Amino acid sequence: TLTNHSCKKVILLCFRRYLLTALTSCLFWNTFGLSAAMDSKPNILLFLADDLGIGDLGCYGNKTIRTPNIDRLAREGVKLTQHIAAAPLCTPSRAAFLTGRYPIRSGMASSNRYRALQWNAGSGGLPANETTFARLLQQQGYTTGLIGKWHQGVNCEFFSDHCHHPLNHGFDYFYGMPFTLLNNCQENKPPELDVALQAKLWLYSQIITLAVLTLTAGKLTGLISIRWKIIACFTLVGGLFFISWYSSYGFVQYWNCILMRNHDITEQPMRLERTASLMLKEAVSFIKRNRHGPFLLFVSFLHVHTPLFTTAKFLGKSHHGLYGDNVEEMDWMVGKILDSLDKEDLKNHTFTYFASDHGGHLEAQDGSAQLGGWNGIYKGGKGMGGWEGGIRVPGIFRWPGMLPAGTVIDEPTSLMDIYPTVVHLAGGILPQDRVIDGQNLVPLLQGRAQKSEHEFLFHYCGSYLHAVRWHQKDSGAIWKAHYMTPVFRPLGAGACYGKGICPCFGEGVSHHDPPLLFDLSQDPSEAKPLSADTEPLYDTVIKKIGRATEEHRRTLTPVPQQLSLYNVMWKPWLQPCCGTFPFCWCDKEGDSTQNL
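Residues numbered from 1 in each chain as written. Predicted model: local features only at pLDDT ≥ 70, side-chain atom pairs only at ≥ 80, totals over all residues. Heavy atoms only, no water.

What follows covers the overall build of the protein. A count of helices and strands for the protein gives 15 helices and 18 strands. At 28 Å, the protein has a C-alpha radius of gyration in line with the 25 Å of a compact globule built from 596 residues. Expressed as lengths along the three principal axes of its C-alpha atoms, the size of the protein is roughly 140 × 65 × 50 Å. In the protein, which comprises 596 residues, the share counted as buried stands at 55%. Partitioning the contacts of the protein with sequence separation of at least 6, the portion at a separation of at least 24 is 74%. (Helix = DSSP H or I, 4+ residues; strand = E, 2+ residues; numbered from the N terminus. Rg over C-alpha atoms; globule rule 2.2 N^0.38 Å. Buried < 20%, exposed > 50% of the residue type's maximum accessible area, 1.4 Å probe, protein only. Contact = heavy atoms within 4.5 Å.)

This is how it looks when you write it as structure tokens:
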């Protein structure tokens, strides 16, 4: 028999073992529970709006445009207040989003005035040697889909090589526009593509026509002594000149405004009145087909780019005219896609993200009507590489049970961060043969890290470095130095209303030496530039940012320029065509769409 003393020792020993087991189990869960959850590979749903301003959403302070579905995402997840695009225009910003790299590294940053792809039949685009997050997730067993806008090129050498196509960059399925919406896509809208150049070409054509008519009249009346062969030569040259440019600019709706399913063209030109319902139908169908997962669905909205085509259901319903109607229609589409997640019981197993590719387009106007977005308190807008209004965008994440609901994070982050974040969630490994500029956001989103991993962010306008941001983590200051800023027209107007979009170089920018300096943590509107007289740390900050810029530039290597003049020009032999070129028109969708 055991003595009382022996019994106490046994009981104490058992209690210690129990306590040790409990502590070990708790430690194991804290250490490995998150990893185990991530090993299950969540579905990934990415929403990216086009030209949406940060001030256009209710969850970012807008009181009049109704965005209940996007606001719900913010309530149920994490909202970022310093989410930064890597470029202020579509093509380079989306290249950075897809690759996690500044667009200058992939050749998707321009040194000329063409800062985005101009044609489906151009030869430039996202290089085949760039590895998108879709490619890495595909390698991890994900079914990958892109619905909507691409704007990263189509072909390289002939009309069906598809070297830049989404299916050549890791997407298993594509339905949408290989290009982007333009005013040219809608009847009775003023042209948007290369307006100034087209005006010059029309003028030159009219001058040549007038010259031919004058010579002909002079010959017939005997007032001018000239041979008919010379007049015929002038006529031929004029005709060839007209055909050379009008064959492209005269048919933009047919060449650029097309819909594709994988490699097949389904509409040429596209019918805008049913585009939204087609995109929504495709997104919902993709989720249903792949409900057993894991899947990556990138919904790249055509909203809210001009011409702002909006279905009748939403016309005149907002307090902000056609632009507000278009935003509210996009929000409704977001809601329908989220509903499809709920219907398939996938909400808690889906990592969802919403953002815009850059700031709102301030110069988009029709008379007194504003057709572009509102960038809140931030200066500037689309096309402006340095000012906050061009690059600060919404950033919202939701993953129920894994991300704390109702959280707001005021730390510098980038659209490039999505790349390492989703690769981490999928259990993939980042490429080791190149610089990845994005940072994994999961620790920050979950509250396990309090500070962003970004110390410096570099703000390019084309290939020109306009500004640099320094996140001084120990003090909380966000310093931003501007080396170049656009010259607003008219002066003090806040945008380049005479140009349509602000330039990156030349007479359209001001150079600052020493640079303009702001502390965004105190002056987010960039209203009061600091100086050595008003800021004791001015010289220290400028030197620190200067050294970081030099180090950054040393990491850049020469690459082919995808947006060179040759690469962006229209080439008929590269034109996607659903018939026999130049007879390119088809409608394979018919009237099969249904309102969802």
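As a further point, take the pairing of strand β1 (residues 43-49). Consecutive residues of a regular strand have side chains that alternate between opposite faces of the sheet. With 7 of its 7 residues buried, β1 lies for the most part within the structure. Of the two faces of β1, the one lined by Asn 43, Leu 45, Phe 47 and Ala 49 and the one lined by Ile 44, Leu 46 and Leu 48 are each fully buried. Relative to strand β7 (residues 295-300), β1 runs parallel, the two being bridged by 5 bridges. Directly across from Leu 45, in β7, lies its bridge partner Leu 297. (Pairing = 2+ DSSP bridges.)

Attention now moves to helix α12 (residues 418-425). Here α12 lies mainly inside the structure; 7 of its 8 residues are buried. Looking only at α12, the buried set comprises Ile 418, Tyr 419, Pro 420, Thr 421, Val 422, Val 423 and Leu 425. Immediately downstream of α12, the backbone of Gly 427 shows phi near 80 degrees, a positive value.

So, on to unusual backbone geometry. Residues other than glycine predominantly adopt negative phi, and peptide bonds predominantly adopt the trans conformation. Omega for the bond connecting Arg 489 with Pro 490 falls within 30 degrees of zero, at -5 degrees, which places this linkage in the cis form. Tracing the sequence through the fold places Pro 490 in the loop between β16 (477-486) and β17 (509-519). In the segment running from Phe 581 into Pro 582, the intervening peptide bond is cis, with an omega of 10 degrees. In this structure, Pro 582 sits in the loop between α15 (565-568) and β18 (586-587). Within the chain, Asp 51 stands out as a residue other than glycine whose phi angle is a positive 70 degrees.

The subject of this paragraph is a nonpolar patch on the surface. A cluster of nonpolar side chains, namely Leu 203, Tyr 204 and Ile 207, defines an oily patch on the protein surface of about 290 Å² accessible area. Following the sequence through the fold, Leu 203 ends up in helix α6 (residues 195-221). (Patch = residues over 30% accessible without salt bridge, like charges linked within 9 Å, V, L, I, M, F, W, Y side chains within 5 Å. Areas by Shrake-Rupley, 256 points an atom, 1.4 Å probe, with all protein chains shown as cover. Salt bridge = Lys/Arg side-chain N within 4 Å of Asp/Glu carboxyl O.)

Below, the discussion takes up the sheet that holds strand β14 (residues 456-461). Remark on secondary structure: sheet strands pair via backbone hydrogen bonds, oriented parallel or antiparallel. With respect to topology, 4 strands assemble into an open sheet ordered β14-β15-β16-β17, the strand pairing being antiparallel. Of all strands in the sheet, those bounded by a partner on one side alone are β14 and β17. Along the sheet, successive strands turn relative to each other by an average axial angle of 15 degrees, direction set aside. Pairing of strand β15 (residues 464-472) with β16 involves 6 bridges; the strand directions are antiparallel. (Axes fitted to C-alpha atoms, helices over the stretch in contact; angles between N-to-C directions.)

Time to look at the packing of helix α9 (residues 275-289) against helix α10 (residues 321-343). Between α9 and α10, the least distance of the axes is 9 Å, while the angle of their chain directions is 20 degrees. By the angle between their directions, the pair α9 and α10 is classed as roughly parallel. Here α9 runs over α10; the crossing is right-handed. Two secondary-structure elements touch here, α9 through Ala 276, Met 279, Leu 280, Ala 283, Val 284 and Ile 287 and α10 through Glu 329, Trp 332, Met 333, Lys 336, Ile 337, Ser 340 and Leu 341. Looking at side-chain class alone, the contact of α9 with α10 contains 10 nonpolar, 1 polar and 2 charged residues. (Parallel < 35°, antiparallel > 145°, perpendicular 65-115°, else oblique. Left-handed = near helix turned anticlockwise from the far one by under 90°. Nonpolar A, V, L, I, M, F, W, Y, C, P; charged D, E, K, R; others polar.)

On to the domain arrangement of the protein. The assigned domain composition of the protein is domain 1 (43-181 + 257-586) and domain 2 (195-250). Relative placement of domain 1 and domain 2: their C-alpha centres are 44 Å apart. Each side of the interface is counted separately: domain 1 has 4 residues, and domain 2 has 4 residues. Our enumeration of links across domain 1 and domain 2 arrives at 0 salt bridges. Across the domain 1-domain 2 interface, the total number found is 0 residue pairs in polar contact (both at pLDDT 80 or more). Along the lines of polarity and charge, the residues of the side of domain 1 that touches domain 2 split into 3 nonpolar, no polar and 1 charged. (Domains from an automatic or database assignment. Polar contact = N/O pair within 3.5 Å; in protein donor to acceptor, adjacent residues only side chain to side chain.)

It is worth spelling out the nonpolar core at this point. Counting 64 residues, the largest nonpolar core has Phe 47, Leu 52, Leu 297 and Phe 354 as the members making the most contacts within it. Broken down by secondary-structure element, the contributors of at least two residues to this core are β1, α2 (68-75), β4 (173-177), α7 (228-249), α8 (252-256), α9, β7 and α10. It is α10 that contributes the most residues to this core, 8 residues altogether. The residues that make up this core include at least three from each of domain 1 (43-181 + 257-586) and domain 2 (195-250). Apart from the residues lying within four places of it in its own chain, the contact partners of Phe 47 are Val 299, Phe 301, Val 334, Ile 337, Leu 338, Thr 352, Tyr 353, Phe 354 and Ala 355. (Core = buried A, V, L, I, M, F, W, Y, C linked by side-chain atoms within 4.5 Å.)

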